Amino acid sequence: MSQSSSIEENNEQVIEKNPQEKHLADYQPSDFLVDSLDLEFDLYDQNTVVKATSQVKRVGGDNSPLALFGEQLNLRSLRVNQQTFENYKLVEGGIELVELPEQFILEIETEINPLDNKAFEGLYKSGDAFCTQCEAEGFRRITYYLDRPDVLAKFSTKISADKQLYPSLLSNGNRVEQGDLDNGRHYVKWVDPFPKPAYLFALVAGDFDCLRDTFVTKSGRTVDLELFVDKGNLDKTAHAMLSLKNAMKWDETRFNLEYDLDIYMIVAVDFFNMGAMENKGLNVFNSKFVLANSQSATDQDYLGIEAVIGHEYFHNWTGNRITCRDWFQLSLKEGLTVFRDQEFSSDMGSRPVNRIANVKVMRNHQFAEDAGPMSHPIRPASVMEMNNFYTVTVYDKGSEVIRMLHTLLGEQKFQQGMGLYVERHDGQAVTCDDFVAAMTDASGIDLTLFKRWYSQSGTPQINISDHFDASTNSYQLTFKQKNLPTADQKKKEPLHIPVDIELLDAQGNALDLGNAQLTKVISLTQKEQTFVFKGLSEKPVPCLFRGFSAPVKYTYGYSDEQLLHLMRFASDEFSRWDAGQTLFNKYLVSNVLLKQQGQAFTLPTLFVDAFKSVLLNDQLDPALIADMFEFISESGAMELFDCVDIEALHEARNYIIKTLATSLQSDFVTLYHQHHVAGEYQPNSADIGQRKLANCAIAYIAKSDKTLANELVLKQIEDSNNMTVHLGALQAANSGKLACRDAVMADFDDKWFENGLVMDKWFALQASLSSDSVLANIEALFAHRSFDYSNPNRLRALVGTFVNANSYYFHAIDGSGYRFLTDQLIKLNSQNPQVAARLITPLIQFKRLDKTRIELIKSQLQRLLAIDDLSLDLYEKVSKALAQ
Ligand code: B3K
Ligand code: ZN
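Residues numbered from 1 in each chain as written. Chains lettered and ligands numbered in written order. Predicted model: local features only at pLDDT ≥ 70, side-chain atom pairs only at ≥ 80, totals over all residues. Heavy atoms only, no water.

Engineer: Would you mind going over the overall build of the protein in detail, with residue names and values included?
Structural biologist: Broken down by element type, the protein carries 27 helices and 33 strands. Against the globule reference of 29 Å for 884 residues, the protein gives a C-alpha radius of gyration of 28 Å, in line with a compact fold. A total of 884 residues make up the protein; the buried ones form 60% of that total. By sequence separation, contacts in the protein at least 24 residues apart represent 70% of the contacts at least 6 residues apart. In the protein, 86 positive and 119 negative side-chain charges are present, and the distance between their average locations comes to 3 Å. (Helix = DSSP H or I, 4+ residues; strand = E, 2+ residues; numbered from the N terminus. Rg over C-alpha atoms; globule rule 2.2 N^0.38 Å. Buried < 20%, exposed > 50% of the residue type's maximum accessible area, 1.4 Å probe, protein only. Contact = heavy atoms within 4.5 Å. Lys, Arg positive; Asp, Glu negative; His and termini not counted. Charge placed at Lys NZ, Arg CZ, Asp CG, Glu CD.)

Engineer: Quick one: what's the story with the environment of Asn695, residue by residue and with numbers?
Structural biologist: Relative to the assigned elements, Asn695 resides in helix α15 (residues 685–701). Using a relative accessible area of 13% as the deciding quantity, one classes Asn695 as buried. Sequence separation between Asn695 and His726 is 31 residues, and the spatial gap between their C-alpha atoms is 9.6 Å. Residues within four places of Asn695 in sequence aside, it is in contact with Gln716, Thr724, Val725, Gly728 and Ala729. For Asn695, the side chain forms a polar contact with the side chain of Gln716, separated by 3.0 Å. (Polar contact = N/O pair within 3.5 Å; in protein donor to acceptor, adjacent residues only side chain to side chain.)

Engineer: Tell me about the site of ligand 1, residues and numbers included.
Structural biologist: Looking at ligand 1, there are 15 residues lining it, with Glu135, Glu278, Glu312, Asn387 and Tyr395 nearest. Within the contact set of ligand 1, an oxygen atom lies 3.0 Å away from a side-chain nitrogen or oxygen of Glu334. At the level of secondary structure, the elements contributing two or more residues to the shell around ligand 1 comprise β22 (276–277), α2 (299–314) and α3 (330–348). Grouping the constituent residues of the shell around ligand 1 by class yields six nonpolar, four polar and five charged. (Near = heavy atom within 4 Å. Nonpolar A, V, L, I, M, F, W, Y, C, P; charged D, E, K, R; others polar.)

Engineer: Talk me through the coordination of the zinc ion (ligand 2); I want residue IDs and the actual numbers.
Structural biologist: The coordination sphere of the zinc ion (ligand 2), as far as protein atoms go, consists of His311 (NE2), His315 (NE2) and Glu334 (OE), spread over 1.9 to 2.0 Å. Sequence positions of the residues that donate to the zinc ion (ligand 2) give the spacing H-x3-H-x18-E. Residue His311 is found in helix α2, and its partner Glu334 is found in helix α3; the two are separated by 23 residues along the sequence. Each member of the pair, His311 as well as Glu334, is classed as buried. (Donors = N, O, S within 2.8 Å, 3.2 Å for Na, K, Ca; no water.)

Engineer: Could you give an account of the state of the cysteines, with specific residues and numbers?
Structural biologist: Counted according to the given criterion, the structure contains zero disulfides. Lacking any disulfide linkage, Cys134 is separated from the closest cysteine sulfur, that of Cys131, by 10 Å. Owing to a relative accessible area of 0%, Cys134 belongs among the buried residues under this scheme. There is no disulfide at Cys210, and the cysteine sulfur nearest it, in Cys131, is 17 Å away. (Disulfide = S-S within 2.5 Å.)

Engineer: If you had to explain the sheet that holds strand β29 (residues 497–504) to someone new, which residues and values would you point to?
Structural biologist: Read from one edge to the other, the open sheet built from three strands follows the order β30-β29-β32, with strand pairing classed as antiparallel. The open sheet has two free edges, formed respectively by β30 (520–524) and β32 (541–543), since each of these has just one partner strand. Each strand of the sheet is rotated relative to its neighbour by a mean of 40°, with strand direction disregarded. As paired strands, β29 and β32 are joined by three bridges and run antiparallel to one another. By the bridge assignment, Leu503 is partnered in β32 with Pro542. Each of β29 and β32 touches helix α8 (residues 560–569); the most contacted strand, β32, lies at about 55° to it. (Pairing = 2+ DSSP bridges. Axes fitted to C-alpha atoms, helices over the stretch in contact; angles between N-to-C directions.)

Engineer: Which residues make up the packing of helix α23 (residues 816–831) against helix α26 (residues 851–865), and what values do they have?
Structural biologist: Closest axis-to-axis distance for the α23/α26 pair is 10 Å, and the angle between their directions is 15°. When the axes of α23 and α26 are compared, the pair comes out roughly parallel. Crossing of α23 against α26: the hand is right-handed. Of α26, the residues touching α23 (which contributes Tyr818, Arg819, Thr822, Asp823, Leu825 and Ile826) are Arg853, Leu856, Ile857, Gln860, Arg863 and Leu864. Class assignment for the residues of the contact of α23 with α26 results in six nonpolar, two polar and four charged. (Parallel < 35°, antiparallel > 145°, perpendicular 65-115°, else oblique. Left-handed = near helix turned anticlockwise from the far one by under 90°.)

Engineer: Explain unusual backbone geometry residue by residue, including any values.
Structural biologist: Look at the link from Glu135 to Ala136: it is a cis peptide, with omega at -5°. One can find Ala136 in the loop between β13 (129–133) and β14 (154–162). The phi dihedral of Asn256 is positive, around 60°, even though this residue is not glycine. Tracing the backbone through its elements, the reader meets Asn256 in the loop between α1 (238–255) and β21 (263–269).

Engineer: Can you explain the side chain of Arg254? Please cite residues and give values.
Structural biologist: Looking at where Arg254 falls in the secondary structure, it is placed in helix α1. Given a relative accessible area of 17%, Arg254 falls into the buried group. Engagement of the side chain of Arg254 in a polar contact is seen with the side chain of Glu343, the distance being 2.9 Å. For Arg254, the side chain forms a polar contact with the side chain of Asp347, separated by 2.9 Å. Look past the residues within four positions of Arg254 in its chain and what remains in contact with it is Glu343, Asp347, Arg351, His406, Glu411 and Gln415.

Engineer: Before we move on, can you summarise the nonpolar core with the specific residues and values?
Structural biologist: The nonpolar side chains of a soluble globular protein tend to be buried with one another. Judged by nonpolar contacts, the single largest core of 287 residues is most densely connected at Phe435, Phe629 and Leu861. The greatest single-element share of this core, amounting to twelve residues, is contributed by helix α5 (residues 392–425). In this structure Phe629 touches Phe611, Val614, Leu615, Leu660, Leu664, Phe668, Cys696 and Tyr700, once residues within four positions along its chain are discounted. (Core = buried A, V, L, I, M, F, W, Y, C linked by side-chain atoms within 4.5 Å.)

Engineer: Please give an account of the environment of Ala883 that cites residues and values.
Structural biologist: Within the secondary structure, Ala883 sits in the segment after α27 (872–882). Of the residues examined, Ala883 reaches a relative accessible area of 65% and is grouped as exposed. The spatial distance from the C-alpha of Ala883 to the C-alpha of Lys703 is 43 Å, given a sequence separation of 180 residues.

Engineer: Please set out the sheet that holds strand β28 (residues 474–482) residue by residue, giving values where relevant.
Structural biologist: Pairing is mixed in the open sheet, where four strands are placed in the order β31-β28-β27-β33. The open sheet has two free edges, formed respectively by β31 (528–534) and β33 (553–556), since each of these has just one partner strand. Put simply, the sheet's adjacent strands are angled 20° from each other on average, direction ignored. Pairing of strand β27 (residues 461–469) with β28, which is carried by nine bridges, proceeds in the antiparallel orientation. When the sheet's bridge partners are listed, Asn463 is paired in β28 with Lys480.

Engineer: Now, about helix α9 (residues 573–596): what can you tell me, with residues and values included?
Structural biologist: Its 24 residues place the ends of α9 35 Å apart at the C-alpha level, agreeing with the 34 Å of an ideal helix rising 1.5 Å per residue. A side-chain oxygen of the first residue of α9 lies 3.2 Å from the backbone nitrogen of Phe574; this N-cap is Asp572. At the exit of α9 stands Gly598, carrying a positive phi of roughly 75°. (Expected span 1.5 Å × (residues − 1).)

Engineer: Help me get a handle on the pattern of salt bridges, residues and values and all.
Structural biologist: Applying the stated criterion across every chain, the model contains 65 salt bridges. Between Asp260 and Lys280 there is a salt bridge, with its nearest N and O atoms 2.7 Å apart. With Asp260 in the loop between α1 and β21 and Lys280 in the loop between β22 and β23 (282–286), this residue pair connects regions lying 20 residues apart in the sequence. The residues Asp260 and Lys280 share a single accessibility class, namely buried. Connected through salt bridges with shared partners, the residues Arg254, Glu343, Asp347, Arg351, Arg403 and Glu411 form a single ionic network. (Salt bridge = Lys/Arg side-chain N within 4 Å of Asp/Glu carboxyl O.)

Engineer: Lay out the packing of aromatic side chains in plain terms, naming residues and giving numbers.
Structural biologist: Counting across every chain of the model gives 48 aromatic pairs. Ring plane angle 55° and centroid distance 5.4 Å describe the contact between Tyr302 and Tyr681, whose orientation is recorded as tilted. Of this pair, Tyr302 sits in helix α2 while Tyr681 sits in the loop between α14 (665–674) and α15, and the two are 379 residues apart along the sequence. Exposure remark for Tyr681: the relative accessible area of 9% places this residue in the buried category. The interplanar angle of 5° and the centroid separation of 3.9 Å between the aromatic rings of Phe584 and Phe631 together place this pair among those described as stacked. In this pair, Phe584 is assigned in helix α9 and Phe631 in the loop between α11 (622–628) and α12 (634–637), connecting sequence segments 47 residues apart. Under the relative-accessibility criterion, Phe631 is labelled buried at 8%. For the cation-ring pair, Lys125 lies above Phe130, with the distance from its terminal atom to the ring centre recorded as 4.7 Å. In this structure, Arg325 packs its charged tip against the face of Tyr27, placed 3.7 Å from the ring centre. (Phe/Tyr/Trp six-rings, centres within 6.5 Å; stacked < 30°, edge-to-face > 60°. Lys NZ or Arg CZ within 6 Å of the ring centre and 35° of its normal.)

So this is what it looks like as structure tokens:
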């Protein structure tokens, strides 16, 4: 790959400009618009013919050429106003047409090869079915087109295919025509009445089972709901359908948004790069987020399905009806839609448990991204490969930014803002600025400063100190805000940070913060600010950033006693959990230091007592108790250090967990027996919480009394009537390396080897085994009867779990983990660069490692850089990592 670079002055920052980078600042509206696009597909495995007829008009740029994007296409013919047209040239990434009339009909015929498309972008085959994935820039692999989100056209789609092999021919909108053709073929024509960008186009052809249902909208329209799955999977569709109906109802109730078409279809496919895709009226889903029954899916799978079904459904308004002007605005739809799906899950289930799960994503993944070579604001300013920006920053931090707006405005004003946003922009392609403007105008709240969150990357660090003056009964809280430079941006400004606080007295009661308010949201807007609370008779324990009110790292010199106080008395259950996490992290860091100084690990009695009181608190939701015992991951914990000692971190973390397991063994055993749910499987919050706590307990028992745990595991498997309980036992056997481990793993394999999705759980267990032989096992498992290297789910389960969740072995000092991952990336680079670029993450986030490991990693990155046809997806990440 050839590179050249020039230096450009940009504000005060000197930024090296890579020619392959596209910049937000360079946005130009299109000189041409498309009123309608009529597509005809003649489907064949290796030579599908696509006829695209569009009505195009010039809206700007006097004589500029019409530049259409196109990749991997074989052009068969091109006509303008019914005449063969020759004023075009094929260029890198597309085609350029010149000397065009102001308004014209453009007909393009291309041929494509879906069978050979293993990148799963554009039209491809998933098993026996044809399906598409067009976001972000996949439509250009189907035909030459203005494949950009601000070009909205009315689509119609006619699909012809073999009738026996492909009885279902699906696309966006409403079915308007169908019939038989010669040679055993048939066709269906679809018309989508809503103008849309090409990334929302979808086509599916296959032989499916279908679950049908209906939903009556609040205005009384009946919508047909159709869920297509591979033959034989109908018994795994009920939960997805229920989730869809719940999502439709919830969006009407909470957001006042109603579905618009007469039909909503979801198709589950096995080969899919991500979770799912919100194509208008025809969602395509990774089967992982559709298929579930009690035998094959865990509680977590059920919750994941509810969240993703909700997410894609909510996109119908936040994404489809109102879309993005350009891809830099991705968080406009993704951050907002993640916020909406998080709220949906919280309203359907436990709010604190959901909040904890959201915050874990931030702390275990997003903070590291923000501190690494791919650091970017939620609205990136420059991008090489758009697929690289479907990130935890754009999605999850994006959602945190929306959540802060919600905190600052309150539900009522926030919903007024949403209403105004929809009223103003329905049918348009807009920007994040437009969204914030609607929020500002509806609420009357000035968000000028707040908007920095959209353009500034990095995790703010907030240091908090306090002072109590007994003579004046006043309490001062001082906040210092630090925004360190990141890989993409040197200069930083203070951000507008909402801090939700509560002050607790010695008895654990919340103090009056004025006007009988027991909690309060204060706004930080400067580098340093002090807030004074009057009329307090004692120094309180401050509960800060309740509910994780801002995506920041914060420190306050909490004593152990204060943390214990918060764990007991904070009114916000999230904050109780958070205090437990802070306590854990504090002793994780101190024990790592002890180890480095050659001293023995140690924990104070108070530490164990604090967690014991959690186990004994029968007022707490069992799910929350289980969460209190799930600590920051080893890779997430790297963020707690400037330079991390991998061995010491691993040992210290194990030591603390083992100490809790041993000291609280009898309590875990009691809880285990109390929370074992008998009877029919129900995926409701109460039962889910019980199973979660029982599985947590058995995992801890497996770390203290192996004989007892072995017995319990075998019995649990024998008695289990659902996957959650079965897998919980397996996890305990695997993480505790119990005597029965190999046998129960082999039994599971025998039982489930034909079900790839279930086997992913087994592959993930294999990959997370804490053993010197783990890597050799993984290499051998590539040949396992259930493994398929071209299936992204299998790869994520085996390779992804190892590199992300088995940090200690991934970072082995002999470099074997790094070499292994690089080998896989080289294999994947040409086949599926998108999946490769996702798997590389732990290899580029190396700045907190020691010199030896950094050198080992860099030499692997150099190896990647040297391969002939390195994809832009990998090049962007590798080059940024090496530039660090
Ligand atoms: N919008 C899709 C993601 C597309 C990713 C393209 N690489 C799924 C979602 O966020 O709902
Ligand atoms: Zn989304």
